[in-house]
Structure formats: structure tokens, C-alpha cells
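Listed below are the residues making up each chain.
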Amino acid sequence: MNKLGIRKKILNQRKKKYFQNFDNSKIYNFLKKYKKNKIGGYFPINYEFDCLEILKKLSKQNFQISLPIMKKSNQMDFFSWDFNQPLTINDFGIPEPTSSKITYPDIFLVPIVGFDKNLYRLGYGGGYYDRYIARIKKIKTIITIGLSFSFQKIDKLPINKFDQRLDAIITERNIFQ
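Residues numbered from 1 in each chain as written. Predicted model: local features only at pLDDT ≥ 70, side-chain atom pairs only at ≥ 80, totals over all residues. Heavy atoms only, no water.

Caption draft 1: Main features of the nonpolar core. If you look at the biggest cluster of nonpolar residues, it comprises 42 residues, and the most contacted ones within it are Leu-109, Ile-145 and Leu-147. Listed by contribution, the elements that provide at least two residues to this core are helix 2 (25-32), helix 3 (52-60), strand 2 (64-71), strand 3 (75-80), strand 7 (107-111), helix 4 (128-137), strand 10 (143-147) and strand 11 (168-170). Aside from chain neighbours lying at most four places away, what touches Ile-145 is Phe-30, Leu-31, Tyr-34, Ile-107, Phe-108, Leu-109, Val-110, Ala-168 and Ile-170. (Core = buried A, V, L, I, M, F, W, Y, C linked by side-chain atoms within 4.5 Å. Buried < 20%, exposed > 50% of the residue type's maximum accessible area, 1.4 Å probe, protein only. Helix = DSSP H or I, 4+ residues; strand = E, 2+ residues; numbered from the N terminus. Contact = heavy atoms within 4.5 Å.)

What follows is the structure, given as C-alpha cells:
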């Protein structure tokens, strides 16, 4: 099955199976072991794994939180944000920070539509995250962690030269590394 077919199938499943009763302490403890304090997160949409409680807890522990702002040509950058600051809605309906302070996260939480055992992810098809990860890896070492539900795992994704392998994927059942 091609990426479009896989994406459509998993998004339909995710809408039907979405749940968020999840022990976030597993993710929090996993992130803390890296001893890095700049976290790039995302604002969940379309029944994505909701990382906001994790980000809130990390923020209270003096971690620097950032969220992406989508730009032209399928690019994005991350901007400092905390829970007391407003967000604006972009053209895709995704909340974004209003900050103008670009930041480069040490740890990067990545939303997932689907993933495979080789730690490749399937997104919505725009390539925003793959482009960002490839660009930032030229600047600094980052840790990329996908957040997903276990039912989103498939045997093998069709990948191309632009697809970026993640360092880990965390689901409600497992941590894949």
C-alpha cells in the first residue's frame, strides 16, 4: 500500500480509536533522562497524541518549550512559548505561538500518523517535519521522539530519501528505540 492509502486508513482508525487515558509519566521520565532543557512540541490536531500535559509539566520544571510556526514552501521553525502566552490559528487551523524568538530544540516531539519498526514516521504528506529535522541536524544534535498510539504501527512504510528516521517512538504500550 502507498503512503496515501496508509495515511487514509490510519487516520480513519485514529478517529474511531482515539483515547488519551495514558500514563504520561513514562514519557516524562524518558525525556528527563536526556538532561536537555529545550523541548520542541506540537499542538495536537486530528486526534493526534496529545502532548500538552507533558509540555505543561516540563514547563513547570523550567524546561524551555517551543512550538512550530508553519511557513511558505512547506518549511517551519520553532518559537519559544509558554502556557501563559496566546496562540494564533494558522491557515491549517493549527494553533501557533505569537513569539518572534526562534529556538532550536534539543529534544523534538513529533506527531505521527503511522510508523514502522525501523522508526520511520508517516505524517500528513507536506514534509514539514522531515525538512525541519534534516535542516536542524546540520546545525546541532537533536533527539527526535515520535508520540503515537500502538495501533498506528505498521510493518514497513514505503520511505524515500527525504524521510527522516526518529530516535525513538513512544506509544501507550511500548518505547521503540
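Caption draft 2: Structural view of the sheet that holds strand 3. With mixed pairing, the 8 strands of this open sheet are ordered in space as 6-3-2-1-7-10-11-12. The open sheet has two edge strands, strand 6 (102-103) and strand 12 (175-176), and neither has a second partner. With 5 bridges connecting them, strand 7 and strand 10 associate as parallel partners. Counterpart to Leu-109 in the pairing with strand 10 is Ile-145. (Pairing = 2+ DSSP bridges.)

Caption draft 3: Spatial organisation of the pairing of strand 7. The buried fraction of strand 7 is high, at 5 of 5 residues. Neither face of strand 7 is left uncovered, since the one carrying Ile-107, Leu-109 and Pro-111 and the one carrying Phe-108 and Val-110 both have all their residues buried. Here 2 bridges tie strand 1 (residues 38-40) to strand 7, and the two strands are oriented parallel to one another. Within strand 7, the position partnered with Gly-40 by the bridge is Phe-108.

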